[in-house]
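Residue-level listing of the chains:
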Amino acid sequence: MIARCSLFPPPCFSAVRVRCFAGETSDTGILFREKLIYLQDLNVDPHKALRVNPSLRSAPISSVVSVETLLSSTGLSRPAVGRILDMFPDLLTSDPESEILPVLRFLSDEISISEQDIPKSISRCPRLLISSVDSQLRPALTFLKTLGFVGRDTITSRNTVLLVSNVERTLIPKIEYLEEGLGFTREEVAKMVVRSPALLTYSVDNNLVPKVEFFMEEMRGDVKELKRFPQYFSFSLERKIKPRHRLLKEHGILMPLSEMLKVSDGQFNNWLLELRLRSAERR
């Protein structure tokens, strides 16, 4: 059951802040202040919201309440709803029936995300709520299915962020880089991204290219290993890959990428210490 929300929560910011929005007639000014108080109670910055979404100034408070009510009905907590509305103030004046419900139905009906996981999808990727089903979400889903995101590998609440990526400008260039830059076939790349969907969220210039160059030039790696362990791209180059490679190189140790990167820092250091001790004993 949808919890009944308070239309007029108690004031939570000073009269000085309220007066900075003055200029309306008396009755209109009161309603406007009530709207500001309501937004503040949701932890939505009224200044930012009005700047980003000027239509909010004339929108009735009931329209904002209807948006909160619908989002809350999915299982999102009030603080979570507030964070989303603060991130995307345009949602405050959206039509829940024609703009938000179609997205929720798309997630439920076309991707089969469970009712329990809908709020997880939205929390992880609030941009879903401002994305068109017809021009953005469905075309992205269709493309992702051609890569193998079907059956047991279908899109889940963990990777619905892929649905807000533009196919032509974002997804295809990354696929092409992995094909042309690494010499993989489309089938090989498809298997890589299904195993590690985050690959499609990384920047080619800021993530893929520098990590490939380091792997090939400094680590003298074989691209086949990247195919076996595409999760390599999810680790920080400066904080994890380089430091661990340097330590292994200093001790003349070679190991697969998965063993080098998947363990915690503590496990890695303990394992390295054990190798040092064994090496000392053999001497």
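What counts and how
- Residues numbered from 1 in each chain as written.
- Predicted model: local features only at pLDDT ≥ 70, side-chain atom pairs only at ≥ 80, totals over all residues.
- Heavy atoms only, no water.
- Phe/Tyr/Trp six-rings, centres within 6.5 Å; stacked < 30°, edge-to-face > 60°.
- Helix = DSSP H or I, 4+ residues; strand = E, 2+ residues; numbered from the N terminus.
- Buried < 20%, exposed > 50% of the residue type's maximum accessible area, 1.4 Å probe, protein only.
- Lys NZ or Arg CZ within 6 Å of the ring centre and 35° of its normal.
- pLDDT = per-residue confidence, 0-100.
- Contact = heavy atoms within 4.5 Å.
- Core = buried A, V, L, I, M, F, W, Y, C linked by side-chain atoms within 4.5 Å.

Asks: What am I meant to see in the packing of aromatic side chains here?
Replies: Taken as a whole and judged by the stated rule, the model has four aromatic pairs. Ring centres of phenylalanine 215 and tyrosine 232 lie 5.6 Å apart, and the angle between their planes is 55°; this geometry places the pair in the tilted category. Linking phenylalanine 215 in helix 11 (residues 204–218) with tyrosine 232 in the loop between helix 12 (223–228) and helix 13 (237–250), this pair joins segments that are 17 residues apart in sequence. Both residues of the pair, phenylalanine 215 and tyrosine 232, belong to the buried class. With centroids separated by 5.3 Å and ring planes inclined at 75°, the aromatic side chains of tyrosine 232 and phenylalanine 233 adopt a geometry described as edge-to-face. Clustering of aromatic rings is evident, with ring pairs tying together Phe215, Tyr232 and Phe233. Over the ring of tyrosine 202 we find lysine 211; its NZ or CZ atom is 5.9 Å from the centre of that ring.

Asks: Which parts of the structure should I look at to understand the environment of serine 112?
Replies: As for its placement among the helices and strands, serine 112 is situated in the loop between helix 6 (96–110) and helix 7 (118–124). Sequence-wise, serine 112 and isoleucine 155 are 43 residues apart; in three dimensions their C-alpha atoms are separated by 8.9 Å.

Asks: Help me understand the confidence of the model for the chain in this model?
Replies: Atomic detail in the predicted coordinates should be set aside for any region of low pLDDT. Residue-level pLDDT values for the chain average 87, and 89% of them are 70 or greater. Confidence drops under a pLDDT of 50 for residues 1–26, and excluding neighbours within four residues, the segment shows 39 contacts in the predicted structure.

Asks: Looking at this model, I keep getting lost on the nonpolar core. Mind explaining?
Replies: Across soluble globular proteins, nonpolar side chains show a tendency to be buried alongside one another. Membership of the largest hydrophobic core comes to 86 residues, with the highest contact counts inside it found for Leu163 and Tyr232. Apart from residues lying up to four places away in sequence, leucine 163 is in contact with Phe106, Leu107, Ile111, Leu128, Gln136, Leu137, Ala140, Leu141, Leu144 and Ile155.

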